[in-house]
There are 2 protein chains.
Amino acid sequence: MGSWADSAEVLGSALPRELSGAGNRRAVLMAALRDAVRSGRLAPGARLPPYRSLAADLGLARNTVADAYAELVAEGWLAARQGSGTRVAERAAPAAPAHRPRTPELAARPVHDLVQGRPDPSAFPRTAWLASARRALAAAPDDAFGPGDPHGRPELRRALAGYLARARGARTAPERIVLCSGAAHGLRLLAQVVGGPWAAEEYGLPFHRGLLASHGVGTRPLGGDADGARVDGLTRRDRAVLLTPAHQFPTGGPLHAARRAAVVDWARATGGLVVEDDYDGEFRYDRQPVGAVQGLDPEHVVLLGSVSRSLSPALRIGWMVLPQRLVGPVVAAKGDREQFSSATEQLTLADFVVSGAYGRQVRRMRQRHRRRRDQLAAALERCAPHVRVAGIAAGLHAVLELPPGTERSAVRAAARLGVAVEGLGDYLHPDAEGGLPLGPGGRGGPGVAGAGRRPAPPARDGLVVGYATPSEAGYPKALEALCRSLPPAGPPSGAPVTPGPASPPPPAVP
Amino acid sequence: MGSWADSAEVLGSALPRELSGAGNRRAVLMAALRDAVRSGRLAPGARLPPYRSLAADLGLARNTVADAYAELVAEGWLAARQGSGTRVAERAAPAAPAHRPRTPELAARPVHDLVQGRPDPSAFPRTAWLASARRALAAAPDDAFGPGDPHGRPELRRALAGYLARARGARTAPERIVLCSGAAHGLRLLAQVVGGPWAAEEYGLPFHRGLLASHGVGTRPLGGDADGARVDGLTRRDRAVLLTPAHQFPTGGPLHAARRAAVVDWARATGGLVVEDDYDGEFRYDRQPVGAVQGLDPEHVVLLGSVSRSLSPALRIGWMVLPQRLVGPVVAAKGDREQFSSATEQLTLADFVVSGAYGRQVRRMRQRHRRRRDQLAAALERCAPHVRVAGIAAGLHAVLELPPGTERSAVRAAARLGVAVEGLGDYLHPDAEGGLPLGPGGRGGPGVAGAGRRPAPPARDGLVVGYATPSEAGYPKALEALCRSLPPAGPPSGAPVTPGPASPPPPAVP
């Protein structure tokens, strides 16, 4: 049968290098496991690695892996026996190679998509974008259609330098900006140039941690409290720290001014680098945007941004505002030509920014997101007044704080009602001590998961609710379904969750 | 104008930490204020906080702030009016950011660019491309603006499946195509999925070998002869072989039919993979295009292509036609979302292909390239009849075979005349035994390089002349300059090269 180390090796090469994104990581992992069994790469009877090991290897939350195992046992692909771990089921022989009927993404598409991080695709400003494309193509010099300079088009770097100074308080110039195909690409490049280890907020995108790990950069978790990341925990060993100062991802608070100053002091004293992931800095609702930390010290902070939330993740354009000393090395890491970002898209975005269309789109979406946030808060006030909502001053998502031990069952209850939503635990660093509350309020306590499959770490329970994705027509229905899936007030920790009674029975969901 | 609280916030994030230290606080505050105005973070007309407030916020003496304000009013940065406080002066607009004079690439641009692989950027079909963009944006479903499926847009995969079957004899279907951002991206993904080692033609792109090596995939060189790569040298150890069957890169011949069959046999017998880099398969001049090897056995050959030579390297779109068993793993290696290729560009290219504009552009460029090839051959016949020209039946470049030992000096002589051109040695695998001739004719022999800087391996000498890049007006001049840089007939091996006398003195090159 071999040891589970063999299986780990098979999985290591079979699984997506970057089990990415805010998407449904569990579904991707399950698809990869099914595929490995179906293809025979994982033989019948082969032992799988313990879920904790696999989670650590892949940079996933433990319960993501545990859930995937459990569901595949239920589907008959895997078998679990007391004391001998999880194995490939004996009868799960390789089937005839058949057509994949549908991609996992399509198969898993929910009725109500409340997964964070995705703007409503129907809000893309097609007409304005096309107008920019027309002007950009007409004005482009011929050399725009030759091999691309890896810095990125100068037109877009100039446009962004002006925009980021105005909108984000960045201190920059076109020569300090290097374009990339999104924040993920930027992180890859920085990992190559800076090396590890890095510190990272204990709550954050597993996708980002996985990316860094795949480039040999380990991350260690940095705890947080009501003022944001505990940057006093940074040491000389950390080569860089990955932060979301405008709006901690996903828990939601801004980094306190004293912490901003302290992290810059740390960088100056140690030569470390602050990587400021400004993923939704433009979407602040109750007061002015919190300026970028980069403005405090452009020589020690990288400002990392993209159009993925402000415009569309389908346009693969991001940027880094870099300390001068890093511009050369980052460009060198890109290679001697632009390999990823299309010049015509870069030129179109440059026109879109300079013409003011980008600012108009951001303002329009900010209004819409604010309205949706208000609708979410009102719905919860009505249907689940016991649920505290955090992180709503900004962004495209909020965190619903749940009683300890109810997160997994709440996610499953939501899924049964056609609501795709993620748990806070999906974002916790595997090595985190966890459980620190964001705002004033009690510690999360040793949350014991429903099925006892997640004994440690003690984590806060919560739902990360993205409110940007549904269409205008679909959003109210999504809120109704969410309400029905929330645990009722005051069940004992770990008790089974039934749909909340506080909400009146909604009409049938299509 | 907004309240001064906005300005206070800008200042709060902009002011340096040194304000709390010793030293001339007034000077530091003034520098920070100037900087905020110059950069635009404090807009013209913006109200500043009352000096008392700012002093309290910053822990400074009131008259330090009052003095700083007064001096900046005196300098013209700020304006003070009775009763309305202090404001940023209206004319204190952000200064133009200092221009970097030129990028390194521009600085190094030669007068005559005969480096292979780059289509003339002025030939990009802007109008037709924009028309496709307009239709594509209008027709796109909303989900095109959401996170992208890593397979690539179905519209483009359908378009390419049809096109590649017609134009390249590929056996494919949309489900077997995975889009990528160019051949390099495709090779990266295949390296991750297939693992090493690979065999590769001894002449090839160092860039590709380097990419593979950076993913842990070593390459070993496969010699060649008049029939192309010696695929009989493939073994069970080789996990894959990288070939350019339509037009060996850069030496120029097609892979013989017997070799095509043999390489497929090898793949079937060993489970190895044939990676067919179809980099210029559409540009064949003297007869029908040589069909893709992939058509012989779609389950053992990957067809790798892109628009970089047919349309523009500035559009970062490529494709892989994959064996069914590799579709899942390659998509998994891409991650669970599209990270690199823009959906709007993919949709635009889909329309461009389906509408026939792509075929028209390829035919137009094929005519132009054929004409340029003929001009090159005629010029050489006139000015350097002793120089044999190889690989001219197809593609965007030709190889000029030089007497042994003269390659490096010929490249240098060309550079002195403003001609950028590469030597055949630039493409030789470092471990190659080298020196095998492409066409019928004597073995290259142990060519000892002129300056003794390349003692081994013994390699053929030649220039790789790309004829696609110069503008229509610039091409004849580029040919004249090339002629002048070629070594004269019959110097002893290793002798110093002087400009060839066979060509009449051309007019001065601009």
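Structure report, in brief.

All told, the structure shown has 2 disulfides over all chains when counted by the stated rule. The disulfide partner of A:Cys383 is A:Cys483, and the gap between their sulfur atoms is 2.1 Å. In this structure, the disulfide formed by A:Cys383 and A:Cys483 twists by about -75 degrees around the S-S bond and is classed as left-handed. One end of the pair, A:Cys383, is in helix H13 (residues 357-383); the other, A:Cys483, is in helix H15 (residues 475-485), with 100 residues separating them in the sequence. Looking at A:Cys180, it has no disulfide partner, and the nearest cysteine sulfur is the one in B:Cys180, 19 Å off. The buried category is assigned to A:Cys180, whose relative accessible area is 1%.

Residue and element names in this part refer to chain A. Most of strand S17 (residues 462-466) sits inside the fold, with 5 of its 5 residues counted as buried. Two elements, strand S14 (residues 397-401) and S17, share 5 bridges in a ladder whose sense is antiparallel. Bridging from a neighbouring strand, Leu-400 pairs with Leu-463 of S17. Bridge count for strand S16 (residues 422-423) against S17 is 2 bridges, and the pairing is antiparallel.

Before going further, it helps to examine unusual backbone geometry. Residue and element names in this part refer to chain B. At the junction of Gly-196 and Pro-197, the peptide bond is cis and its omega measures out at -5 degrees in the coordinates. Inspection of the secondary structure puts Pro-197 in the loop between helix H8 (183-194) and strand S5 (198-201). Between Phe-249 and Pro-250 the backbone carries a cis peptide bond, its omega angle lying at -5 degrees. Summarising the element assignment, Pro-250 is placed in the loop between strand S9 (240-243) and helix H10 (257-270).

Looking now at the packing of aromatic side chains. Applying the stated rule across the entire model yields 15 aromatic pairs over all chains. Between B:Tyr163 and B:Tyr358, the aromatic rings sit 5.1 Å apart at their centres with planes inclined by 80 degrees, giving edge-to-face as the arrangement. Separated by 195 residues along the polypeptide, B:Tyr163 in helix H7 (residues 154-168) and B:Tyr358 in helix H13 (residues 357-383) bring together distant segments of the chain. Of the two residues, B:Tyr163 and B:Tyr358, neither departs from the other in class, the shared state being buried. Put simply, the rings of A:Phe124, A:Trp129, A:Tyr163, A:Phe352, A:Tyr358 and B:Phe145 pair up and form one aromatic cluster. Between the NZ or CZ atom of A:Arg372 and the centre of the ring of A:Tyr475, over which it lies, the distance is 4.9 Å.

Residue and element names in this part refer to chain B. The sheet built from 7 strands is open, its strands ordered S4-S12-S11-S10-S9-S5-S6 with mixed pairing. Pairing within the sheet leaves two strands with one partner each, and these edge strands are strand S4 (177-180) and strand S6 (219-222). Pairwise comparison of adjacent strand axes, ignoring direction, gives a mean angle of 20 degrees for this sheet. In the sheet, strand S10 (residues 273-277) pairs with strand S11 (residues 301-306) via 4 bridges, with the strands oriented parallel. Among the inter-strand pairings, Asp-277 is bridged to a residue of S11, identified as Leu-304. Along the sheet, H7 makes contact with S4 and strand S12 (318-321), crossing S4 at roughly 110 degrees.

Reading the values: rules and limits
Residues numbered from 1 in each chain as written. Chains lettered and ligands numbered in written order. Predicted model: local features only at pLDDT ≥ 70, side-chain atom pairs only at ≥ 80, totals over all residues. Heavy atoms only, no water. Disulfide = S-S within 2.5 Å. Helix = DSSP H or I, 4+ residues; strand = E, 2+ residues; numbered from the N terminus. Buried < 20%, exposed > 50% of the residue type's maximum accessible area, 1.4 Å probe, protein only. Pairing = 2+ DSSP bridges. Phe/Tyr/Trp six-rings, centres within 6.5 Å; stacked < 30°, edge-to-face > 60°. Lys NZ or Arg CZ within 6 Å of the ring centre and 35° of its normal. Axes fitted to C-alpha atoms, helices over the stretch in contact; angles between N-to-C directions. Contact = heavy atoms within 4.5 Å.

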